[in-house]
Amino acid sequence: TFFISNPDARAVALPHFVSAIKHSNPSLRNWAVNGLGGIGPAALSALPLIKIAIKDPHPSTSADAVLAMGRVGRSATVPILIKVMNHQKLRTFAVLALRQLETAASSAVPALLEHLNDADESFRQSVVDALKEIDPQALARSQQAPFWGHVRRLFGGS
């Protein structure tokens, strides 16, 4: 919140976060990823480093890096987040990041629609919630598709 409300602080903090994201200490890397996400679109130049942090061995750093993609990037991050949706441990974070992008993530709609019949109910609900933010009409059209009626019968819902 401090970075969003204080543009001068963003400029001062950015190089420190960029430096810390490469540190050997996983806590510092996590702090850096969260800081870059907090800066938001003004940290767009750090996007390549955030992309690398998605593969961080520390699970919370990789998850936070995916979420930072949704706060820092706009449509530029969508292809990366679509790929991350195929990573079992990070896919929910990718959907949350896409949801943050709202209409800027419209190119992800086909990939999101593919996950509407996922076996994991919690993940499926995340996809539905993301589609409500990104393209509610695409969600409505998908509910008319033959498979959706079958999914509703199996899992309930409207």
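Quick caveat: nothing in here was measured; it's all calculated off a predicted structure. (Residues numbered from 1 in each chain as written. Predicted model: local features only at pLDDT ≥ 70, side-chain atom pairs only at ≥ 80, totals over all residues. Heavy atoms only, no water.)

Asks: Explanation requested: the side chain of Asp56 in the structure shown.
Replies: Relative to the helices and strands, Asp56 is located in the loop between helix H4 (47–53) and helix H5 (59–72). Judged by its relative accessible area of 11%, Asp56 falls in the buried class. Polar side-chain contacts of Asp56 include one of 2.7 Å to the backbone nitrogen of His58. (Helix = DSSP H or I, 4+ residues; strand = E, 2+ residues; numbered from the N terminus. Buried < 20%, exposed > 50% of the residue type's maximum accessible area, 1.4 Å probe, protein only. Polar contact = N/O pair within 3.5 Å; in protein donor to acceptor, adjacent residues only side chain to side chain.)

Asks: For this particular structure, what's the right way to read the layout of surface pockets?
Replies: In this approach a probe as big as a water molecule rolls over the atoms, and the regions it shows empty are the leftover space. Roughly 210 Å³ of internal volume is contained in the second largest pocket. Around the second largest pocket, the lining residues are Lys51, Ile54, Lys55, Pro79, Ile80, Lys83, Val84, His87 and Leu90. When residues of the lining of the second largest pocket are assigned to their parent elements, the largest contribution, 4 residues, is made by helix H6 (residues 78–84). A breakdown of the residues in the lining of the second largest pocket according to their chemical character gives 5 nonpolar, 1 polar and 3 charged. (1 Å grid on protein atoms, 1.4 Å probe; cavity = no way out; pocket = protein on both sides within 12 Å on 5 of 7 lines; lining within 4 Å. Points joined across faces, edges and corners; volume = space filled by probe spheres on them. Nonpolar A, V, L, I, M, F, W, Y, C, P; charged D, E, K, R; others polar.)

Asks: Just checking my understanding: could you explain the environment of Thr92 for this structure?
Replies: Within the secondary structure layout, Thr92 lies in helix H7 (residues 91–101). For the pair Thr92 and Leu67, spaced 25 residues apart in the sequence, the C-alpha separation amounts to 9.8 Å. In this structure, Thr92 is in contact with Phe123 and Ser126, ignoring residues within four places of it in sequence. (Contact = heavy atoms within 4.5 Å.)

Asks: Looking at this structure, I do not really get the pattern of salt bridges. What am I missing?
Replies: Scanning all chains against the criterion turns up 3 salt bridges. Of the charged contacts, one joins Asp56 and Arg29 as a salt bridge, the two residues approaching to 2.5 Å between their closest N and O atoms. Of this pair, Asp56 sits in the loop between H4 and H5 while Arg29 sits in helix H3 (residues 26–39); the two residues are 27 residues apart in sequence, bridging distant segments of the chain. What makes Arg29 buried here is its relative accessible area of 11%. (Salt bridge = Lys/Arg side-chain N within 4 Å of Asp/Glu carboxyl O.)

Asks: Help me out: how do you make sense of the packing of H7 against helix H9 (residues 121–134) in this one?
Replies: The relative placement of two packed helices is expressed as an angle between their axes plus a distance between the axes. One can describe the packing of H7 onto H9 by two numbers: an axis separation of 8 Å at closest approach and a directional angle of 15 degrees. Comparing the axis directions of H7 and H9 gives the class roughly parallel. Crossing hand, H7 versus H9: left-handed. Between H7, through Arg91, Thr92, Val95, Leu98 and Arg99, and H9, the contact on the second element is made entirely by Phe123, Ser126, Val127, Asp129, Ala130, Glu133 and Ile134. Of the residues in the contact of H7 with H9, the class split is 6 nonpolar, 2 polar and 4 charged. (Axes fitted to C-alpha atoms, helices over the stretch in contact; angles between N-to-C directions. Parallel < 35°, antiparallel > 145°, perpendicular 65-115°, else oblique. Left-handed = near helix turned anticlockwise from the far one by under 90°.)

Asks: Sorry, what's going on with the packing of aromatic side chains here?
Replies: Taken as a whole, this structure holds 1 aromatic pair when the rule is applied. A cation over a ring is seen here: Arg91 above Phe123, with NZ or CZ 3.8 Å from the ring centre. (Phe/Tyr/Trp six-rings, centres within 6.5 Å; stacked < 30°, edge-to-face > 60°. Lys NZ or Arg CZ within 6 Å of the ring centre and 35° of its normal.)

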